[in-house]
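# Structural description and commentary
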Amino acid sequence: MDDRIHFVEHQGKQVLLLDFSHANAHEMQLLLEYVRITVAKHAHESVMTLADYTGSTVDHAVATKIKEVLTLDRPFVKKTAWVGTESIPHAFMENFHNFSQREIVTFKTREEAMDWLVEE
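All values reported here derive from a predicted model rather than from experimental measurement.

### Overview of the side chain of D52
The residue D52 is located in strand β3 (residues 47-52) in this model. Note on D52: relative accessible area 7%, which makes it buried. Side-chain polar atoms of D52 contact the side chain of R110, separated by 2.8 Å.

Structural data, given as structure tokens:
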């Protein structure tokens, strides 16, 4: 899991990369549980996350797990950016925002997302 969920440095700051790219539904479930556990080990409002959903499978069960994890890790996350969300149904994206009561900003590239995450 550490090859997909790990901290990377960008402009001197740490960003937790959640690399869900090309993961099937089963892999997504496992990765999301790992994310929940990993993020909960950090101080409140201290983690910046970049999730890459490029080519991943987000079915109803995965969407439910994403909502759960977004809600549970809310206290620990300072900022969240997502890339690769084009294939995620719009209704799911709206549901993620509404259910988690978090701002999830989407970008076209990881670089754009990382720049936004580290800006003050």
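### Quick word on the pairing of strand β2 (residues 13-19)
Counting buried positions over the 7 residues of β2 gives 5, a clear majority of the element. The pairing of strand β1 (residues 5-10) with β2 spans 6 bridges and is antiparallel. For H6, the partnering residue across the bridge sits in β2 and is L17. Between β1 and β2, which pair antiparallel one after the other, the connecting turn spans 2 residues, and Q11 there sits at a positive phi close to 50°. Bridge count between β2 and β3: 4 bridges; the pairing is parallel. Note that in β3 the partner of L17 across the bridge is L50. Handedness of the β-α-β unit built from β2, helix α1 (residues 25-39) and β3 comes out right-handed.

What counts and how
Residues numbered from 1 in each chain as written. Predicted model: local features only at pLDDT ≥ 70, side-chain atom pairs only at ≥ 80, totals over all residues. Heavy atoms only, no water. Helix = DSSP H or I, 4+ residues; strand = E, 2+ residues; numbered from the N terminus. Buried < 20%, exposed > 50% of the residue type's maximum accessible area, 1.4 Å probe, protein only. Polar contact = N/O pair within 3.5 Å; in protein donor to acceptor, adjacent residues only side chain to side chain. Pairing = 2+ DSSP bridges. Right-handed = clockwise from strand over helix to strand, strands pointing away.

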